[in-house]
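Here is what each chain is made of, one letter per residue.
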Amino acid sequence: MLCLLGIKFPTLPPRIEDPNRPVNAWPRDPANPEGNWTDPRGHLVTRTPFGLWTTYDSDSGAQGGAMSGYGDYGPFSTPRYTDIDLLKMKDGTPVTTAEDWWTKRRPEIFSLIQQELYGRAIDPHIPINWTVSAITTGVQTVNGVDYPYRQKTFTGVVDTSSYPALRNTPVITAQCRFPAESGRRYPVIITYGEGVSRFQYTAPYGIGVCSYNPTSVQPDSGGANLSSYLIGLINKGNWRKPDDPGALVAWAWGVSRLIDRFATDPDLDAEKVGVEGHSRYGKSALVAAAYDDRIVVVWPSDAGALGTAIARRHWGEPLEFVASSTSEYHWVNGNIMKYMGPLNPGGYIPRRLELLDVDAHSTVALIAPRAIFITNGTDTPPGFGDAWADPRGTFLSGLLASPVWELLGWPGLIIPPGTVFTSGPDESVGGTPPFNVAFIDGTIGWRRQIEGHTPVPNWPTFAQFAARYLRDERPVIIPNQKFTVAKGSTNVGKVAAIDPDGGTLRSWQITGGTGVGKFSIDRSTGQITVKDPASLDLSDTPSYTLQVAVGDGLLMSRSETVTISAATVQLVTTATLTKLADGSYQATVVITNNGFANAENVRLTSATLGAVSATSLPVALGTIPAGGSASVTLQFPASAGPSGSAVIERYAGSYAGGTFLGSIRARLP
């Protein structure tokens, strides 16, 4: 990959002679200075092949963690990398509305995330042959309460016919445990391999658990495995290109295919799926929710570097370690290697991270306004705990993403005023909210456990947090709604929706469509109006679409398309001729309005049959509604011609705002 990108490893001095080494760090083994180092707090300190040392600056100076000499260089620090404002386009254009987010900024971020960090999304339509095991039953006891359950295993063998030479077939497997009562479909949380015993936390809420095996889709290793399994299938056995996906995207693809399968399952509800993963699998859980908006709630537990920790910051494991480590580079795409090394030749910090257009908070923001629970721990035991995963960096990703939730009408991360943040020699400058306190009043949740690098202490809080969303009924917008708008008018109409569990509809927003920028929607009522009637061209473009969505304070509806058409009048005349006993002719004339607007004050002013005119004109027909018609009976003299003669009937009239003409070839009866 480095060769494809034209990148070479630099020549570095011995670690013990490196002028950029932390002044308060030393080799764990004095006899092996090229091995791992440590610091006064027992942290793991190492150096990447591009010369970046792992550091842990605190407010305790040399008695704290290894010092970079520059501070953490992250958000709110001085100096720091240039802030990435989620509510500004890459070119600096402000993002001020939900419509701007959905149609401009979010697509831009998603494209950059794929290009710079994780790799392009994998085709969701690769065929899979699914089998489901026989159901088994049992009882799981939680706090003295028995919860009967049913259990079954899904196995999806990925079709490799597009590349039969593939060495290893990707297989999606998930063992699922859910409440025993049949006849309904249950919400479910997919965990990355934590086992169905996690049902102990979700059972009281009536939520199932599926334990998914990601490494049967793509192994957790690089080398030859990157030309086999799922990544090898999409690359036809070739080595990856720089923007090809890594294992995090491949594992997430397996989660999405499980959701596809749940859509036809009688027991599990594909509309109510949460996802949880810990550590490296927490990174993939985050990617899964960013790439697939069907995921209702996600918990990237202690996800660290290239997960929830801010990458453009120096505390704990850096991006450079992930990108260059032989045990981790396969998680991400190849382009990420462009951001290793110093920004300025001969310098140290800042690094080429400055050139990144996205960061962890960008990935988190792709989940808005859905729910996310972010966690981290302590460095317990020292050097093997969550200092490596950067607790403050993970907290910042939720904090910095909050403005996106707020723009869309949902609360982001809520930390009450007066909350005392952590401090001391083991803590990053600025700290985090206190240990073992759940901050879950917002749609972004946070909890930091005292126990170290483990998800277990946070499961009870996550189950409570997830149940809030998984047990809610999503609002539904009535499909196929059509509106008309008259030239010069601002009023279009109000979109209709329902909330199945009686919630209050709120936060209406436009998420796409050909009418983006031309119409607006009232956030509270769903009333659509024209932004600028003078600029709305209804002659060249007589019909527009809008994709709209609405929330109930918890979940957002699926987007539905409404159609807005020009309110035009189109009057069409038809007639039936009858010959009367006295030789004259009678015409029953029907005028139909095939347009989109009511035709008001319709008058038939002229009617001829051949060379003769009808009597008793003009005739007032009143209003003909869109899709409606009106009829009138006229009489023509016998001089129109003998029976069997070919003639032309001509009709003319007017309506408020216009005129109409009709011409019919006929043969006299």
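Everything below is about the structure shown above.
Since the structure is predicted, the reported quantities are computational estimates derived from the model, not experimental observations. (Residues numbered from 1 in each chain as written. Predicted model: local features only at pLDDT ≥ 70, side-chain atom pairs only at ≥ 80, totals over all residues. Heavy atoms only, no water.)

A few words on the packing of aromatic side chains. Scanning the model with the defined rule gives 23 aromatic pairs in all. When the centroid spacing of 5.4 Å and the interplanar angle of 75 degrees are considered together, the rings of Tyr 192 and Tyr 212 count as edge-to-face. Taken together, the residues span a long stretch of sequence, with Tyr 192 in strand β7 (residues 186-192) and Tyr 212 in strand β8 (residues 208-212) at a distance of 20 residues. Comparing Tyr 192 with Tyr 212, the two get one shared label, buried. Taken together through their ring pairs, the aromatic side chains of Tyr 201, Trp 299, Phe 373, Trp 459, Phe 462, Phe 465 and Tyr 469 make up a single cluster. Sitting over the ring of Tyr 149, Arg 177 keeps its end group 3.9 Å from the ring centre. (Phe/Tyr/Trp six-rings, centres within 6.5 Å; stacked < 30°, edge-to-face > 60°. Helix = DSSP H or I, 4+ residues; strand = E, 2+ residues; numbered from the N terminus. Buried < 20%, exposed > 50% of the residue type's maximum accessible area, 1.4 Å probe, protein only. Lys NZ or Arg CZ within 6 Å of the ring centre and 35° of its normal.)

Another aspect to go through is the packing of helix α2 (residues 98-118) against helix α6 (residues 280-291). A packed helix pair is summarised by two numbers, namely the angle formed by the two axes and the spacing between the axes. At their nearest, the axes of α2 and α6 sit 12 Å apart, and the two run at 145 degrees to each other. Crossing geometry of α2 relative to α6 is assigned as left-handed. Along the contact surface, α2 presents Arg 106, Phe 110, Ile 113, Gln 114 and Tyr 118, while α6 presents Val 287, Ala 290 and Tyr 291. (Axes fitted to C-alpha atoms, helices over the stretch in contact; angles between N-to-C directions. Left-handed = near helix turned anticlockwise from the far one by under 90°. Contact = heavy atoms within 4.5 Å.)

Here we take up the pattern of salt bridges. Applying the stated rule across the entire model yields 26 salt bridges. Of the charged contacts, one joins Arg 47 and Asp 18 as a salt bridge, the two residues approaching to 3.0 Å between their closest N and O atoms. Placement of Arg 47 in the loop between β2 (37-38) and α2 and of Asp 18 in the loop between α1 (2-5) and β1 (26-27) is noted, with a sequence separation of 29 residues between them. A single burial state applies to Arg 47 and to Asp 18, both of which are buried. Salt-bridge contacts for Arg 280 lead to Asp 220; the nearest nitrogen and oxygen are separated by 2.5 Å. Remark: Asp 220 occurs in the loop between β8 and α4 (229-234) and Arg 280 occurs in helix α6; sequence separation between them is 60 residues. Under the relative-accessibility criterion, Asp 220 is labelled partly exposed at 23%. The network of salt bridges with common partners includes Arg 150, Lys 152, Asp 265 and Asp 267. (Salt bridge = Lys/Arg side-chain N within 4 Å of Asp/Glu carboxyl O.)

Closest axis-to-axis distance for the α2/helix α9 (residues 391-408) pair is 8 Å, and the angle between their directions is 120 degrees. Our classification of the angle between α2 and α9 gives oblique. Here α2 contributes Ala 98, Trp 101 and Trp 102 to the contact with α9, which in turn contributes Val 404, Leu 407 and Leu 408. Looking at the contact of α2 with α9 residue by residue, the class counts come to six nonpolar, no polar and no charged. (Parallel < 35°, antiparallel > 145°, perpendicular 65-115°, else oblique. Nonpolar A, V, L, I, M, F, W, Y, C, P; charged D, E, K, R; others polar.)

With that out of the way, let us pick up the pairing of strand β21 (residues 560-566). For β21, the tally of buried residues reaches five of seven residues, placing the bulk of the element in the interior. Looking at chain direction, strand β14 (residues 482-485) and β21 are connected through four bridges and run parallel. In the sheet register, Phe 483 faces β21, and the bridge partner there is Ile 564. Across six bridges, the pairing between strand β20 (residues 543-551) and β21 is antiparallel. Across the sheet, Val 548 pairs through a bridge with Glu 560, a residue of β21. (Pairing = 2+ DSSP bridges.)

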